[in-house]
Amino acid sequence: MPLRLSLEYRFFWRPSKIPRAMFASRNLPSFRCKVFSPRTSSLLIAIFALAVRGGLCAPVTPACAKPPALAARLHSHPDPQAWIDLGNWFGEHQQFACAQQAFRSGLRPAPGSAQMNYLLGLSFYESQDFDQAIAPLEHSVKAGPSILKPHLLLASIYTRSARPMDAEAEWRASLHIDPSSTLALHGLSQALLAQGKIADEIAFLHTVHRDDDLTIDLAVAYARNGALEQAVDTVSTAVEATPDSVKLVNTLVTLYIKVSRTFDAQKIAEKSYRLHPDDFSAQISYLRTLVVNGDWGPAMPFGKKVVAENPHSFDALYLEGVLERQSGDYTAARQHLLAAAAMDPSLANLHENLGITLSRLHETADAKTQLEQAITLGDKDPETHFELAAVLRSLGDADGARQEMARYQAAVKEKDAGSLAVSKASEAALALDKGDTQRAVALYREAFIATPKNALLGYKLSVALDKAGDTDGEQAVLEQVIAIDPTIALAQNQLGYLDSRRGDYPSAESHFREAVTSAPAFTQAWISLAATLGMESKLPEAQQAIASALHLDPQNTEAQQLQHDLAAAQNLQPH
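Residues numbered from 1 in each chain as written. Predicted model: local features only at pLDDT ≥ 70, side-chain atom pairs only at ≥ 80, totals over all residues. Heavy atoms only, no water.

## Focus: the packing of aromatic side chains
Then comes step 1: Inspection of the entire model under this criterion finds seven aromatic pairs.
Then comes step 2: Ring geometry for tryptophan 89 against phenylalanine 90: centres 5.4 Å apart, planes inclined by 75°, an arrangement best described as edge-to-face.
Then comes step 3: Taking the relative accessible area as the measure of exposure, phenylalanine 90 reaches 2% and is therefore buried.
Then comes step 4: Ring centres 5.5 Å apart and planes at 15° place the aromatic pair tyrosine 273 and tyrosine 286 in the stacked group. Of this pair, tyrosine 273 sits in helix 15 (residues 262–275) while tyrosine 286 sits in helix 16 (residues 280–292), and the two are 13 residues apart along the sequence. (Phe/Tyr/Trp six-rings, centres within 6.5 Å; stacked < 30°, edge-to-face > 60°. Buried < 20%, exposed > 50% of the residue type's maximum accessible area, 1.4 Å probe, protein only. Helix = DSSP H or I, 4+ residues; strand = E, 2+ residues; numbered from the N terminus.)

Shown next as structure tokens:
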């Protein structure tokens, strides 16, 4: 036997001077010790004595030992409440297996008990045995469908078990019982997002009071639906109401970066950091904007401070690696970027920076791998193709290098067009604000021509054309917009409006239906659809549409009046 074999021993201390009867009555403790066993029993006894005196041995509680008072109750009158009290006592003492035994005993005379099934499910949940918790909780909600806690707990377990459809049903049942339940509101929102039910998510969040988390969820839904401007408006409005919310500001920073408002992002991120200098998320948000905008002066020392205080943070490691690569400290950049990649390899820009760093360190084969990974993950930076071409050339792959240079030139052209479009669109917005609609139209047209797949710019051009009174031009551009992206509800709604003005109600109806399908919370589109259906004498459908509008905005006077008019028209129809 090896000299240092780790074993567990169970010792029952029975001093010889204590009679056996007295020992039995004293309930003397047993001990569990982990020691390295020598080969001789005398050494073992000596080590044990030292271990007990040194606190290395813990008393072992007899399995499921009942407290005397509850044991007496169960002996004299084992009613369900006694088993509940016993199970709760075990639960309070973290003895979950014993709690489960107690609740199972209580279920034998009353297997349909909603409370006992809930407590059994709760004990499994507390012991992290989520699969075992499901069955008793399902029995509990079936036996007591109007009791809130079992629905909440079952929904939480379904969420943890990646069963969002089942979770959704339980969150909805919880809200039916308590419409103000914060846990259920957040849970249902997350379940809808997890299933990709974006239209349902937007409609749901427009019917409830939104806190910071629900506001962010709504912005996420808009962003996933391609409505980045609505996402920005949603969060910026919330930030105006609660400017001290770091969570909201960080979300707005991310959205500003997505819509190329990077200097606006830096401005609010810096303000948030100044207000909350010790908040790590505010530090990272501000540092990210400095890197995005290439503001290297303040970024370099700030990045070193952040990574020194948070050496195991992905964001700190990644951003410091980018800064070190920018400053030419490739050895340090390699270390930090590799550490970040080990934590999360899904960021394209990380692989681009790591590939360039490795190329500068003449690790060309690994540089090629990283740069190709960046492109695979969706990197659109022309520099990535340029660097990959150089690496391929050094590896002797002349054909591959030529192909990458061609891709580089195409990417440069696309990037330049995008930059031009952003610049022209900014000028156009200022011109429109000043009432110079003709200049705004010209600038938006230049921006749209530069980026003809940008549906949002096309829609902005259509708005300018509308203000200029060019209805035919507006119609033509809107048709282009929905050809690029038919889910832009604002464009569909405006096309419906133009069709209805011409008396083409079937076409107007089609566009309004597309608008409410893409944006179920678009109250005005529901009102327009209801009015159009009324003009087509489709009164029952019109009443359903106006009911949807009033569900979203019960105080909308236009919707209230239309509902009254539709009801009057319905009454005038012959029966």
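What follows continues from the structure just given.
## Quick look at helix 22 (residues 382–394)
Then comes step 1: Over its 13 residues, helix 22 extends 19 Å from the first C-alpha to the last, a length consistent with the 18 Å expected when each residue adds 1.5 Å.
Then comes step 2: Every buried residue belonging to helix 22 is among Pro382, Thr384, His385, Glu387, Leu388, Ala389, Val391 and Leu392, and all of these are buried.
Then comes step 3: For helix 22, the secondary structure elements touched by its buried residues are helix 20 (348–360), helix 21 (364–376) and helix 23 (398–433).
Then comes step 4: One side-chain oxygen of the residue at the start of helix 22 lies 3.0 Å from the amide nitrogen of glutamate 383, identifying that residue as aspartate 381. (Expected span 1.5 Å × (residues − 1). Contact = heavy atoms within 4.5 Å. Polar contact = N/O pair within 3.5 Å; in protein donor to acceptor, adjacent residues only side chain to side chain.)

## Regarding the side chain of histidine 385
Then comes step 1: Mapped onto the fold, histidine 385 is located in helix 22.
Then comes step 2: Look past the residues within four positions of histidine 385 in its chain and what remains in contact with it is Ile375, Glu404, Arg407, Tyr408 and Ala411.

## A few points about the nonpolar core
Then comes step 1: Residues Trp171, Tyr318 and Ile546 are the most contacted members of the largest nonpolar core, which totals 118 residues.
Then comes step 2: Beyond its immediate chain neighbours, meaning those up to four positions away, isoleucine 546 contacts Ile527, Ala530, Ala559, Leu562, Gln563 and Leu566.
Then comes step 3: Counting residues in each nonpolar core, the second largest holds 25 residues, with Ala440, Ala455, Ile488 and Leu495 among its members. (Core = buried A, V, L, I, M, F, W, Y, C linked by side-chain atoms within 4.5 Å.)

## What to know about helix 20
Then comes step 1: The terminal C-alpha atoms of helix 20, which comprises 13 residues, lie 19 Å apart, in line with the 18 Å expected from a rise of 1.5 Å per residue.
Then comes step 2: Of the residues making up helix 20, those classed as buried are Ala348, Leu350, His351, Glu352, Asn353, Leu354, Gly355, Ile356, Thr357, Leu358 and Ser359.
Then comes step 3: Lining the buried residues of helix 20 we find helix 18 (314–327), helix 19 (330–343), helix 21 and helix 22.
Then comes step 4: Downstream of helix 20 by one or two residues, histidine 362 has phi in the positive range, about 65°.

## Re the side chain of threonine 251
Then comes step 1: Relative to the helices and strands, threonine 251 is located in helix 14 (residues 246–258).
Then comes step 2: There is a polar contact of 3.0 Å between the side chain of threonine 251 and the backbone oxygen of lysine 247.
Then comes step 3: In this view, threonine 251 contacts Ile216 and Val235; residues no more than four positions away in its chain are not counted.

## Quick word on the packing of helix 25 (residues 455–467) against helix 26 (residues 471–484)
Then comes step 1: Where helix 25 meets helix 26, the closest approach of the two axes is 9 Å, and the angle between their N-to-C directions is 165°. One way to sum up the angle between helix 25 and helix 26 is to call them roughly antiparallel. Between helix 25 and helix 26 the crossing geometry is left-handed. Residue-level contacts link Ala455, Gly458, Tyr459, Leu461, Ser462, Leu465 and Asp466 of helix 25 to Gly473, Glu474, Val477, Leu478, Val481 and Ile484 of helix 26.
Then comes step 2: Considering only residue class, the contact of helix 25 with helix 26 consists of eight nonpolar, three polar and two charged. (Axes fitted to C-alpha atoms, helices over the stretch in contact; angles between N-to-C directions. Parallel < 35°, antiparallel > 145°, perpendicular 65-115°, else oblique. Left-handed = near helix turned anticlockwise from the far one by under 90°. Nonpolar A, V, L, I, M, F, W, Y, C, P; charged D, E, K, R; others polar.)

## So, the pattern of salt bridges
Then comes step 1: Throughout the structure, instances matching the rule amount to 23 salt bridges.
Then comes step 2: With its nearest N and O atoms 3.8 Å apart, the salt bridge here joins lysine 460 to glutamate 229. Residue lysine 460 is located in helix 25, and its partner glutamate 229 is located in helix 13 (residues 228–241); the two are separated by 231 residues in the primary sequence.
Then comes step 3: For lysine 460, a relative accessible area of 28% corresponds to the partly exposed category.
Then comes step 4: Through salt bridges with shared partners, a single ionic network connects Glu509, Arg513, Lys538 and Glu541. (Salt bridge = Lys/Arg side-chain N within 4 Å of Asp/Glu carboxyl O.)

## Re unusual backbone geometry
Then comes step 1: With a phi angle near 60°, glutamine 94 is a residue other than glycine that sits in the positive phi range.
Then comes step 2: By the element assignment, glutamine 94 lies in the loop between helix 4 (80–92) and helix 5 (96–107).
Then comes step 3: Of the residues examined, glutamine 94 reaches a relative accessible area of 55% and is grouped as exposed.
Then comes step 4: In this structure, alanine 162 takes a positive phi of about 55° despite not being glycine.
Then comes step 5: With respect to the helices and strands, the residue alanine 162 is situated in the loop between helix 8 (148–160) and helix 9 (164–177).

## Notes on the packing of helix 6 (residues 114–126) against helix 8
Then comes step 1: Look at helix 6 against helix 8: their axes get within 11 Å of each other, and the N-to-C directions meet at 35°. The interaxial crossing formed by helix 6 with helix 8 has left-handed handedness. Of the residues in helix 8, those in contact with Tyr118, Gly121, Leu122 and Tyr125 of helix 6 are Lys149, Pro150, Leu153, Ile157 and Arg160.
Then comes step 2: Residue composition of the contact of helix 6 with helix 8, grouped by class: six nonpolar, one polar and two charged.

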